[in-house]
Amino acid sequence: MICNNIGVNEKGNLTFAGQDVCELARKYGTPLYLMDEEKIRENCRTYKNAMDAHFESALPVYASKAASFMRMYEIINEEGLGIDVVSVGEIYTAMKAGMSLENAYFHSNNKTDYDVEFAIENGVGYFVVDNEEELYAIERSNKGNPAKQKVLLRLTPGIDTHTYEAVNTGKVDSKFGSAIETGQAEEITRLALEMEEIELMGFHCHIGSQVFDSDTFLRGSEIMLRFAAEMKAKYGYELKELSLGGGYGVKYVESEPEIDIAANIKQVSAYVHNLCAELGLQVPKMIMEPGRSIVADAGMTLYTVGTIKQIPGYKNYISIDGGMTDNPRYALYGSEYTLFVANKATEPADFTADVVGRCCESGDIIQPDVTLPKPVRGDIVAVCTTGAYNYSMASNYNRIARPAVVMLNEGKSYQAVKRESLDDLIMNDL
Ligand SMILES: *Cc1c(COP(=O)(O)O)cnc(C)c1O
């Protein structure tokens, strides 16, 4: 199985977190997002334990854009991780979930004055500053506050990860951050050090998403630490924190490797310690910002099969009762997924088809060219590894209501987000 929380029971039905997904589909209806709470916690602990073991001071920070709703923040809070937030909406959701914002890191390449004021007023611990204009906005908004605002500066190390273009953010020509190569990183560092309301805690880089080779983090940390050493030599600045961003890869299909996150963190630690010794730097507090690898394999989406269309000599289509409104990732990135017919999990797979949604777009494809046991109307299709960037990217296109999010834990299930109703859809229409 693609992940150890997926199985098949004696009825031949697919199970997730030990529970029969056909029964869950009957109980809660489809489309339905399932989340395995124990897997989320296990993934949090993998990072927490490894970072605690290998660094003097470190914090994993959950990149909450991967899956953002109140129950998620409660779980992250209980597991002792910080959060990375990218909008006032995420900050508000975290606050309402009772999360302290002391270890919140506020990202975004374009924070408005309102965003900056909202975050300062509500005590967001850190700004991850993208550009000089943002520094000036913080300097203005923080006037009168007794404490300085802590910031990390987001720098672009100039690394091309050869992952998909849309998730490759470390290159010099990226819309994110200030480039080291062009001198802009030094410029913004100098500016931050001069400002009265700013406490420069350190530097941040995010090289890309879905990174499988540990090499990328080593190269990222090398460039950042060498830059920090240069800033120490020129301005006497001692780096306190270094954030390496997010992005260990997640296995979506059998052909992808499985990453040993703990072993990778150990390797990064050894590398960082050696390099700091060589450069005469203190080992900084280390931050990582995993999103996908905390929640992706904790998720599964269930759909009910509707129309099956066979076009002789061409192809077959299996239509399901959701689509790009609940999972736009194939439409956006051509992402791969592993699928099952949940009520036929032990039957031979001999029917090849595109699994498509019900939106009015030809590009509304969940996954093309999958081979499954031939389904009939009413069967349940399960799409695995949908915990990240599915619910959080869902839309109401075609006035389709967003599905519920149901959490699974120790044989029990409960709703974390309820299904949108028709009245929810017209709630803001005047
Ligand atoms: C999206 C993002 C992350 C999380 O990336 P994952 O691939 O989900 O782990 C972390 N940091 C920043 C700055 C991001 O933009």
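The sections below set out a description of the structure shown in this document. This structure is a prediction, so every number in the text was calculated from the model and none was measured.

Bringing the site of the ligand into the picture now. Not every one of the 15 residues close to the ligand is listed here, only the nearest: Lys65, Ser209, Glu289, Arg292 and Tyr389. A distance of 3.5 Å separates a nitrogen atom of the ligand from a polar side-chain atom of His206. One nitrogen or oxygen atom from the main chain of Gly291 is found 2.9 Å from an oxygen atom belonging to the ligand. For the ligand, the protein covers 92% of the area, taking 390 Å² as the surface of the free molecule. Looking at the shell around the ligand residue by residue, the class counts come to three nonpolar, seven polar and five charged.

A sheet is described by the order of its strands in space; here three strands give the open sequence S1-S2-S3, paired in antiparallel fashion. Looking at strand neighbours, the two that pair on one side only are strand S1 (6-8) and strand S3 (19-20), the edges of this open sheet.

What follows deals with the environment of Lys251. Within the secondary structure, Lys251 sits in the loop between strand S12 (241-243) and helix H9 (261-279). Under the relative-accessibility criterion, Lys251 is labelled buried at 18%. As for Lys251 and Cys3, which are separated by 248 residues in sequence, their C-alpha atoms are 8.2 Å apart. Look past the residues within four positions of Lys251 in its chain and what remains in contact with it is Ile2, Glu256, Pro257, Glu258 and Thr385.

Another point: the packing of helix H8 (residues 215-235) against H9. H9 packs onto H8 with a crossing angle of 25° between their chain directions and a minimal axis gap of 10 Å. In terms of orientation, H8 lies roughly parallel with respect to H9. Considering only the axes of H8 and H9, their crossing is right-handed. On H9, the residues that touch Phe217, Leu218, Ser221, Glu222, Leu225, Arg226 and Ala229 of H8 are Gln267, Val268, Tyr271, Val272, Leu275, Cys276, Glu278 and Leu279. Its residues assigned to classes, the contact of H8 with H9 shows ten nonpolar, two polar and three charged.

What follows concerns the packing of aromatic side chains. A complete count under the given rule lists ten aromatic pairs for this structure. Residues Phe203 and Tyr237 carry aromatic rings whose centres are separated by 6.0 Å and whose planes lie at 65° to one another, so their mutual orientation is edge-to-face. Here the residue Phe203 occupies a position in strand S11 (residues 198-204), and Tyr237 occupies one in the loop between H8 and S12, the gap between them amounting to 34 residues. On the basis of relative accessible area, Phe203 is assigned to the buried category, the value being 0%. Tyr237 sits in the buried class, given a relative accessible area of 6%. Summarising the aromatic geometry, the rings of Phe217 and Tyr248 are spaced 4.7 Å apart at their centres and angled 45° between planes, so their arrangement reads as tilted. In this pair, Phe217 sits in helix H8 while Tyr248 sits in the loop between S12 and H9, placing the two residues 31 residues apart along the sequence. Like Tyr248, Phe217 is buried. Here Lys111 stacks its cationic end above the ring of Phe106, 5.3 Å away from the centre of that ring.

What follows concerns unusual backbone geometry. Residue Pro31 is reached from Thr30 by a cis peptide bond, and omega for that bond is -10°. Note on placement: Pro31 falls in the loop between helix H1 (21-28) and strand S4 (32-36). The phi angle at Thr385 is positive, at roughly 60°, despite the residue not being glycine. Residue position: Thr385 is located in the loop between strand S19 (380-384) and strand S20 (404-409).

Cut-offs and rules
Residues numbered from 1 in each chain as written. Predicted model: local features only at pLDDT ≥ 70, side-chain atom pairs only at ≥ 80, totals over all residues. Heavy atoms only, no water. Near = heavy atom within 4 Å. Polar contact = N/O pair within 3.5 Å; in protein donor to acceptor, adjacent residues only side chain to side chain. Areas by Shrake-Rupley, 256 points an atom, 1.4 Å probe, with all protein chains shown as cover. Nonpolar A, V, L, I, M, F, W, Y, C, P; charged D, E, K, R; others polar. Pairing = 2+ DSSP bridges. Helix = DSSP H or I, 4+ residues; strand = E, 2+ residues; numbered from the N terminus. Buried < 20%, exposed > 50% of the residue type's maximum accessible area, 1.4 Å probe, protein only. Contact = heavy atoms within 4.5 Å. Axes fitted to C-alpha atoms, helices over the stretch in contact; angles between N-to-C directions. Parallel < 35°, antiparallel > 145°, perpendicular 65-115°, else oblique. Left-handed = near helix turned anticlockwise from the far one by under 90°. Phe/Tyr/Trp six-rings, centres within 6.5 Å; stacked < 30°, edge-to-face > 60°. Lys NZ or Arg CZ within 6 Å of the ring centre and 35° of its normal.

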